[in-house]
Each structure stands twice: as C-alpha cells, then as structure tokens.
Amino acid sequence: MKTIKILLYYPANEIAKPITYHLIKDYDLEVNILHADISLNKVGKLILDIRGEDDKLEEALNYIESEGVQYKLFNRTIIWQEDNCVHCGACTAVCPSGALEMNREDWSLTFDKEKCLVCELCVKACPLNVMNVSV
Ligand code: SF4
Ligand code: SF4
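All values reported here derive from a predicted model rather than from experimental measurement.

Tell me what's going on with the nonpolar core, and back it up with residues and numbers.
Ile78, Trp80, Leu100, Leu109, Phe111 and Met131 are the most contacted members of the largest nonpolar core, which totals 21 residues. Counting only elements with at least two residues in this core, the list comes to strand S5 (77-80), strand S6 (100-102) and strand S7 (109-111). When residues are assigned to domains, this core turns out to be shared by domain 1 (2-73) and domain 2 (77-134), each giving three or more. In contact with Trp80, other than residues within four places in its own chain, are Cys85, His87, Leu109, Phe111, Val130 and Met131. In this structure, Tyr10, Leu23, Leu29 and Val69 belong to the second largest nonpolar core, which totals 18 residues.

Below, the structure written as structure tokens:
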C-alpha cells in the first residue's frame, strides 16, 4: 500500500465526470479530497491523497488519463525547520488548506503534513526561510 498526492486538471467539458467515485469503486482506493476548485463549464482542479495497492494506483492513473483528465503527481514535500521558527504566524495567513495553524493555547505554529497541498506559498511568506521545499 502507498499514498500518492495528485493534482487533477479537468477540461471544462469533462467537469461532470465522476472520477473519484470510480477510483473508490473500481480500483478499491481510499480517496481524500484536499482541495477542490470545480464549477460547471470551467476548467477544474482537484487535489487528492489516494491510498491503495501499487497495481491499482497505476491502473487508476491510466483510467484518469483515458477519461481526458490530466494529472500531476506531487513529488515534492514541504520541510518545516521547527527549531528556527519564531511562531510569528505569517505563513498561516497564506496557507490555503489549513495545514499551517496557530495553536490557540500557546500560540505556537502547528504543521499538518497530510493537509499540505505543496503550493509553496508559505515558503515565500516566511521571513526567516524556515519553510523549504524538498524533492
Ligand atoms: S512564517 Fe516562518 S517563522 Fe513565522 S510561523 Fe511560519 S514558519 Fe515560523
Ligand atoms: S505548501 Fe505551505 S502554504 Fe501551501 S498548503 Fe502546504 S503548508 Fe500550506
């Protein structure tokens, strides 16, 4: 079993295709929607964590392509150098997914990697270069 993070690009004319339904039903995958920007008659984007057996994941990627939906796998991850962080909170203001939040009890930064979209906005926002991208 492994988990992949993937960005799906839906052309406007394919927006109504029930891709996630088929990933779950036909390929026995666990699908977690991290971010969705989908509107009728517009190009759509969906970011997913998908977990399953290697062969099923490969078949599922072929299925996605065969439906006319393009995808990009996220190979990069965000590294938080916690020891150098001053918990100023600047990065939480730009994080679109809620992966970066301030703990309301002690006002320290928390980073939930599972929610991270690897958009890299926090990398640019951090004044101390504490957030980095790794491949
Ligand atoms: S912007 Fe940088 S220093 Fe400030 S809380 Fe975020 S990671 Fe820490
Ligand atoms: S890359 Fe940074 S800003 Fe983007 S989702 Fe991940 S933690 Fe949030």
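Here the narrative resumes.
Which residues make up the site of ligand 1, and what are the values?
In the vicinity of ligand 1, the contacting residues are Cys85, Val86, His87, Cys88, Gly89, Ala90, Cys91, Leu109, Cys126, Pro127, Val130 and Met131. Of the residues belonging to the shell around ligand 1, the class tally is 10 nonpolar, two polar and no charged.

Describe in detail the packing of helix H1 (residues 19-27) against helix H2 (residues 54-66), supporting the description with residues and values.
The contact between H1 and H2 brings their axes to 11 Å, and the two run at 145°. For the pair H1 and H2, the crossing hand works out as right-handed. Of the residues in H2, those in contact with Ile19, His22, Leu23 and Tyr27 of H1 are Lys56, Glu59, Ala60, Tyr63 and Ile64. In terms of residue class, the contact of H1 with H2 is built from six nonpolar, one polar and two charged.

Please provide a residue-by-residue account of the pairing of strand S1 (residues 2-10), values included.
Here nine bridges tie S1 to strand S3 (residues 44-52), and the two strands are oriented antiparallel to one another. Along S3, the bridge assignment pairs Tyr9 with Lys45. Taken together, the four bridges between S1 and strand S4 (residues 70-73) define a ladder with antiparallel strand orientation. Within the sheet, the bridge partner assigned to Leu8 lies in S4 and is Tyr71.

Pulling in residues and values, what's your account of the packing of aromatic side chains?
The geometry of an aromatic ring pair comes down to the distance between the two centres and the angle between the two planes. Summed over all chains, the structure comprises two aromatic pairs. Relative to Tyr63, the ring of Tyr27 has its centre 5.7 Å away and its plane inclined at 35°; by these criteria the two rings are tilted. Taken together, the residues Tyr27 in helix H1 and Tyr63 in helix H2 connect sequence positions 36 residues apart. In this structure Tyr27 comes out as buried when scored by relative accessible area, which is 15%. By relative accessible area, which is 12% here, Tyr63 ends up buried. With a centroid separation of 6.5 Å and 90° between ring planes, the pair formed by Trp80 and Phe111 is classed as edge-to-face. Highlighted residues: Trp80 in strand S5 and Phe111 in strand S7, separated in sequence by 31 residues. Comparing Trp80 with Phe111, the two get one shared label, buried.

About the cut-offs
Numbering of residues starts from 1 in each chain and follows the order in which that chain's sequence is written. For this description, chains carry letters from A and ligands carry numbers from 1, given in the order in which they are written. For a predicted model such as this one, the threshold for reporting local features is a pLDDT of at least 70, and the threshold for listing and counting side-chain atom pairs is 80 or more; totals across whole chains, interfaces and linings nevertheless cover every residue. Computation of side-chain values covers all heavy atoms of the structure but excludes hydrogens and water. Residues belong to a common nonpolar core when they are buried Ala, Val, Leu, Ile, Met, Phe, Trp, Tyr or Cys residues joined through side-chain atoms within 4.5 Å. Burial classification: accessible surface area is computed with a 1.4 Å probe over protein chains only, and a residue below 20% of its type maximum counts as buried, one above 50% as exposed, and the rest as partly exposed. Here a helix means four or more residues in a row that DSSP labels H or I, a strand means two or more in a row labelled E, and each is numbered from the N terminus. Domain boundaries shown here were taken from an automatic or database domain assignment. Should any heavy atoms of two residues lie within 4.5 Å, those residues are considered in contact. One heavy atom within 4 Å of a molecule or strand is enough for the residue carrying it to be called near that molecule or strand. Charged residues are taken to be Asp, Glu, Lys and Arg, nonpolar residues to be Ala, Val, Leu, Ile, Met, Phe, Trp, Tyr, Cys and Pro, and polar residues to be all remaining types, Gly included. Angles run from 0 to 180 degrees between N-to-C directions of axes, and those axes are lines fitted to C-alpha atoms, restricted for helices to the stretch in contact. Crossings are assigned a handedness: left-handed for a near helix turned anticlockwise from the far helix by less than a right angle, right-handed for a clockwise turn. The pairing criterion is simple: DSSP has to find at least two bridges between the two strands. We call Phe, Tyr and Trp rings a pair once their centres come within 6.5 Å, taking the six-membered ring for Trp, and we label the pair stacked below 30 degrees between planes, edge-to-face above 60, and tilted otherwise.

Read these as layout, nothing more, since geometry by itself doesn't imply function.
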